[in-house]
Amino acid sequence: MHRTATELADGRELFYYDSSPGRDVGAADPRPPDPVGGTPELRRDPATGDWVTIAAHRQSRTYHPPADACPLCPSRDGRQSEIPASDYEVAVFENRFPSLSGEAGRCEVVCFTPEHGAGFADLSPRRVRLVLDAWTDRTSELSARPGVAQVYCFENRGAEIGVTLPHPHGQIYAFGVVPPRTAKHLAAAAAHRAATGRNLFEDLLAEARSATERVVLAGEHWTAFVPYAARWPYEVHLYPHRRVADLTGLSEAERAEFPGLYLDLLRRFDRLFGLPDPTPYVSAWHQAPTEGGGELALHLELFTVRRAADKLKHLAGTEAGMEAFMNDVAPEAAAQRLREAR
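Remember, it's a predicted structure, so these values are computed and weren't measured experimentally.

Rules and cut-offs
- Residues numbered from 1 in each chain as written.
- Predicted model: local features only at pLDDT ≥ 70, side-chain atom pairs only at ≥ 80, totals over all residues.
- Heavy atoms only, no water.
- Helix = DSSP H or I, 4+ residues; strand = E, 2+ residues; numbered from the N terminus.
- Rg over C-alpha atoms; globule rule 2.2 N^0.38 Å.
- Buried < 20%, exposed > 50% of the residue type's maximum accessible area, 1.4 Å probe, protein only.
- Contact = heavy atoms within 4.5 Å.
- Areas by Shrake-Rupley, 256 points an atom, 1.4 Å probe, with all protein chains shown as cover.
- Lys, Arg positive; Asp, Glu negative; His and termini not counted.
- Charge placed at Lys NZ, Arg CZ, Asp CG, Glu CD.
- Salt bridge = Lys/Arg side-chain N within 4 Å of Asp/Glu carboxyl O.
- Pairing = 2+ DSSP bridges.
- Core = buried A, V, L, I, M, F, W, Y, C linked by side-chain atoms within 4.5 Å.

## As for the overall build of the chain
Scanning the chain from N- to C-terminus turns up 6 helices and 15 strands. Relative to the globule expectation of 20 Å for 342 residues, the C-alpha radius of gyration of the chain, 20 Å, shows essentially globular dimensions. Going through the 342 residues of the chain one by one, you find that 48% of them count as buried. Counting only contacts in the chain whose residues sit at least 6 apart along the sequence, the fraction spanning at least 24 positions is 62%. As displayed, the chain has an accessible area near 15,600 Å², and 52% of this comes from carbon and sulfur atoms. Positive and negative side-chain charges in the chain, numbering 38 and 47 respectively, have mean positions lying 3 Å apart.

## What about the pattern of salt bridges?
Within this structure, the stated rule accounts for 32 salt bridges. Between Asp29 and Arg31 there is a salt bridge whose closest N-O contact spans 3.0 Å. The class of Asp29 is buried, set by a relative accessible area of 11%.

## With respect to the pairing of strand 5 (residues 90-94)
Taken across its 5 residues, strand 5 has 5 buried, putting it largely inside the fold. Burial along strand 5 is two-sided: Val90, Val92 and Glu94 and Ala91 and Phe93, pointing in opposite directions, are all buried. Sheet analysis places strand 2 (residues 13-18) next to strand 5, joined by 4 bridges and oriented antiparallel. By the bridge assignment for strand 5, Tyr16 is matched with Ala91. Here 4 bridges tie strand 5 to strand 6 (residues 105-111), and the two strands are oriented antiparallel to one another. Across the sheet, residue Phe93 finds its bridge partner in strand 6, namely Val109.

## A word on the pairing of strand 2
Where burial is concerned, most of strand 2 is hidden: 5 out of the 6 residues are buried. Hairpin geometry of strand 1 (residues 2-7) and strand 2 is characterised by an intervening segment of 5 residues between the two adjacent antiparallel strands and by a positive phi of about 95 degrees at Gly11.

## What about the nonpolar core?
With 51 residues, the main nonpolar core has Phe120, Trp135, Phe258 and Trp285 as its most contacted residues. Contact partners of Trp285, with chain neighbours within four places excluded, come to Trp135, Tyr152, Cys153, Trp222, Leu247, Phe258, Leu298, His299 and Leu300. One finds Leu8, Ile83, Val109 and Leu165 within the second-largest nonpolar core, a separate group that totals 14 residues.

Here it is in structure tokens:
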């Protein structure tokens, strides 16, 4: 993996990730600086203790532009995008409309490919490995920044999820505070350690691998399984067999196996419902916080909001109002369907 750093016209950082050296960043960003006004604000809900980000400036972010005005495609034929180069493999840049900035954190956009109509499942294993290396590099650099509590790499795909730019991309959030779901993970892991003397996430993986009816895919170094108490109709967790805190801890063998297994998993999601359109999903890397997260284990959580070919899983009043999830598909049945979606 070879990284080349440059800046956009307004001073935001841009990184090109290439599989071979010699990248020429080309001409500088010719656009006039056009900073977006507004600064995100963190507020703590006194009733729950959860942090909420107020980011009113994001109301003006780019929303479903036509393909010839996509800000994530390479710059071509006099049309300037967020990426000045005429081509790239993987590109990462600071979000122009960040949910987090300053003391609240930082937001970056990860472009997986210059091909506007592609998806992550269309990538080659070599390109997926480059994306994995980019995630790892950004995790390492952002984690070392003062005030960063946790680095979160994720992809939202599909209009049903709320994606406003169809170009294949993901994001990286460097949170200034530990998010609520991670706080729950930490509390559960501490309670499990106190009760059993063991690590919660190691036990979750061991239990899933022994309960083979919920295993979807397994390799030498990774296992993908539907969790026992899945919240979403089709939800898969992907764990390395060796517990590590974050992406930087993966071995070369673990990195080498990941692309093929992850692509297989994504393609099974796309075949689930027999539809011509790709399945919408959220794919989220859960990593340990930069401090006090020794009990957490790196893993990826993948789920779709589609529960049938003609039905979406909308959050009901109990789920949106009380965070009490109710699943319409048994985890064992979901795992079987994914195993059959070859």
